[in-house]
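Fold and geometry: a report
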Amino acid sequence: MQLRYGFRVYPSAGQRMALARAFGCARVVFNDALRVRETARAAGLPFVSSGVLSKQLTAAKKTPEREWLTEVSSVVLQQSLRDLDTAYKNFFDGLKGKRPRLGAPCFKSKRDNRQSIRFTANAGWKITNGGKLRLPKVGELAVKWSRTLPSVPSTVTVIKDAAGRYFASFVVEMDPEALPVSDSVVGIDLGMTHFAILSDGTKIDSPRFLRRAEKKLKKAQQNLSRKAKGSNNRDKARIKVARVHARIADARREFHHQLSTKLIRENQAVAVEDLAVKGLARTRMAKSVHDAGWSAFIAMLEYKAALHGRAFHRIGRFEPTSQVCSACGVKDGPKPLSVREWTCETCGTVLDRDINAAINVAKAAGLAVSACGAQVRPGLVPAQREETGTNPKPQPVTNGRQTGISVLEDGEDVNLFECR
């Protein structure tokens, strides 16, 4: 399995200029190649291959207009062409339904919030004995090592974010490390008041990093709006806003990592619901949805489960987890969000909405969890007359309710994540 390890780097003033030059050259090569392909498409010509683009890049270095491309490593420029190929592949795969649909590749700008270049093994980069990162035509960068790399990296990507910070991201090959077998399994219901509710009754409060920093962010944005466009003071104010956002994102990511690692270490199997995050982000709850970061958290759970030999289940978003009694399995219909607790009319169990949903998530994934002392899989319940549709005469039923959530077969709906 390939994983990424990111570390903060601190280039000197001269190294920042060299990196800026490399960012610009990579951006120009990407835009030139994209322009060639778009021109060919508009003229009805065949798709321009990567080999032709590479030859054109070599020829462009010998022209007065592009001779400054020789000032950076040739590997960086070739990797920029590979990035364009990846962008086209993702676009075409989206059209074919192989992945979520993405837009067509677009031109890059020097004003983009994120700039990056990538060095492969044949670029000659190395980590020195003194712990510095030596890059061709850039120099030795000081790195803040927070942990050791598990294996020799294959590539390194240097990134500059909107806040002006620099990072080195290493791609390493890592063998799965199975954790000791645990008897615990858990179903997770994600929410807003509580970030996660576990099937064992544990409720984890939502940190609400964005909401807590809104006052500071508002002040920084107001200060930015008062600066004249194009001035140095406006650029300084923009960086201050970006730093506030960066601190929020870093705190959220750290929270996700700590919680996901804890859940994977303590449980043999984890089940979550496949939430429609994009749909929820178009509602009045959009800010809170983005602040929670559910998709990033679920992705961490998925790849960590694959890394440590745990089972990860993702149940369908249309499972009626909030409509079924986790004790007797009877479905008693939808309820408004204001109803946080109710009593099952069939078995008389008092149910907490969130804990009940978490238990039903685990059951839908086929995990054996207890629910108020009741059986994990309730027995069959006679269907309602309107469900069967075969007998016109009313038939007596024992509870007058529908049966509950169906249980997935072993191994179904398991999609392991490979982090790249």
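The present account deals with the structure reproduced in this document. (Residues numbered from 1 in each chain as written. Predicted model: local features only at pLDDT ≥ 70, side-chain atom pairs only at ≥ 80, totals over all residues. Heavy atoms only, no water.)

1. With respect to the overall build of the chain
Threshold: In DSSP terms, a helix is any run of H or I states spanning at least four residues, a strand is any run of E spanning at least two, and both are numbered starting from the N terminus. Any residue under 20% of the maximum accessible area for its type is buried, any over 50% is exposed, and the rest in between are partly exposed; the area is computed with a 1.4 Å probe on protein chains only. Contacts are assigned to residue pairs with any non-hydrogen atoms lying within 4.5 Å of each other. Using the Shrake-Rupley algorithm and a 1.4 Å probe, accessible areas are obtained, with residue cover drawn only from the displayed protein chains.
Of regular secondary structure, the chain possesses eleven helices and 16 strands. Looking at the chain residue by residue over its 420 residues, the buried ones come to 42%. Within the chain, contacts between residues at least 6 apart in sequence are counted, and of these 66% link residues at least 24 apart. Approximately 23,600 Å² of the chain is accessible, and the part contributed by carbon and sulfur atoms is 52%.

2. Observations concerning the environment of Arg317
Note the following rule: Here a polar contact is recorded for every N or O atom pair within 3.5 Å, except that within protein the pair must consist of a potential hydrogen donor and a potential acceptor, and residues adjacent in sequence are included only if both atoms are side-chain atoms.
Relative to the helices and strands, Arg317 resides in the loop between strand 12 (311-315) and strand 13 (330-331). Relative accessible area serves as the criterion here: at 38%, Arg317 is assigned to the partly exposed category. Arg317 sits 41 residues away from Ala276 along the chain, and the two C-alpha atoms are 7.2 Å apart. Once residues within four sequence positions are removed from consideration, Arg317 is found in contact with Glu273, Asp274, Leu275 and Ala276. There is a polar contact of 3.3 Å between the side chain of Arg317 and the backbone oxygen of Asp274.

3. Notes on the packing of helix 5 (residues 214-225) against helix 6 (residues 232-266)
Spelled out, the test is: Working convention: axes come from line fits to C-alpha atoms, limited for helices to the stretch in contact. Angles between N-to-C directions cover 0 to 180 degrees. Angles below 35 degrees are treated as roughly parallel, those above 145 as roughly antiparallel, those between 65 and 115 as roughly perpendicular, and all remaining angles as oblique. By convention, the crossing between two helices is left-handed when the near helix turns anticlockwise from the far helix through less than a right angle, and right-handed when the turn is clockwise.
For the pair helix 5 and helix 6, interaxial distance at closest approach is 8 Å and the crossing angle is 160°. Regarding the angle of helix 5 to helix 6, the classification is roughly antiparallel. Helix-helix and strand crossings are classified by hand; for helix 5 and helix 6 the assignment is left-handed. Counting all contacts with helix 5, which are made through Lys216, Leu217, Ala220, Gln221, Asn223 and Leu224, the residues of helix 6 involved are Arg234, Ala237, Arg238, Val241, Val244, His245 and Arg247.

4. Some points on the pattern of salt bridges
Going by this rule: Any carboxyl oxygen of Asp or Glu within 4 Å of a side-chain nitrogen of Lys or Arg constitutes a salt bridge here.
Tallying each qualifying case throughout the model produces 23 salt bridges. Between Asp352 and Lys203 there is a salt bridge, with its nearest N and O atoms 3.1 Å apart. Of this pair, Asp352 sits in strand 15 (residues 350-352) while Lys203 sits in strand 10 (residues 203-205), and the two are 149 residues apart along the sequence. Overall, the relative accessible area of 22% leaves Asp352 in the partly exposed class. For Glu266, the salt bridge identified is with Lys262, shortest N-O distance 3.3 Å. Of the two residues, Glu266 and Lys262 are both situated in helix 6; the distance of four residues between them amounts to about one turn of the helix.

5. Section: a positive patch on the surface
The cut-off we apply is this: Exposure above 30% relative accessible area and no salt bridge define the residues that can form patches, which grow by joining like charges within 9 Å and nonpolar side chains of Val, Leu, Ile, Met, Phe, Trp and Tyr within 5 Å. For the purpose of charge, His is not counted, nor are the chain termini; Lys and Arg are scored as positive and Asp and Glu as negative. The atoms used to mark charge sites are NZ of Lys, CZ of Arg, CG of Asp and CD of Glu.
A cluster of basic side chains, namely Lys216, Lys236, Lys240, Arg243 and Arg247, defines a positive patch on the protein surface. As for its position among the elements, Arg247 is in helix 6.

6. Re unusual backbone geometry
At Lys137, a position not held by glycine, the phi torsion is positive, near 60°. Residue placement: Lys137 occurs in the loop between strand 4 (133-135) and strand 5 (139-144). Positive phi is not limited to glycine here, since Arg208 has a value of about 55°. By the element assignment, Arg208 lies in the loop between strand 10 and helix 4 (209-212).

7. What about the side chain of Gln115?
Its location among the elements puts Gln115 in strand 2 (residues 115-120). At 3.4 Å, the side chain of Gln115 forms a polar contact with the side chain of Arg27. Here Ser109 takes part through its backbone oxygen, which lies 3.3 Å from a polar atom of the side chain of Gln115. Apart from the residues lying within four places of it in its own chain, the contact partners of Gln115 are Phe23, Arg27, Ser109, Lys110, Val158, Ile159 and Lys160.

8. Things to note about the state of the cysteines
For clarity, the cut-off: Any pair of cysteine sulfurs within 2.5 Å is marked as a disulfide.
Taken as a whole and assessed by the stated rule, the structure comprises zero disulfides. Free cysteine: Cys325, not disulfide-bonded; nearest cysteine sulfur from Cys328 at 3.6 Å.

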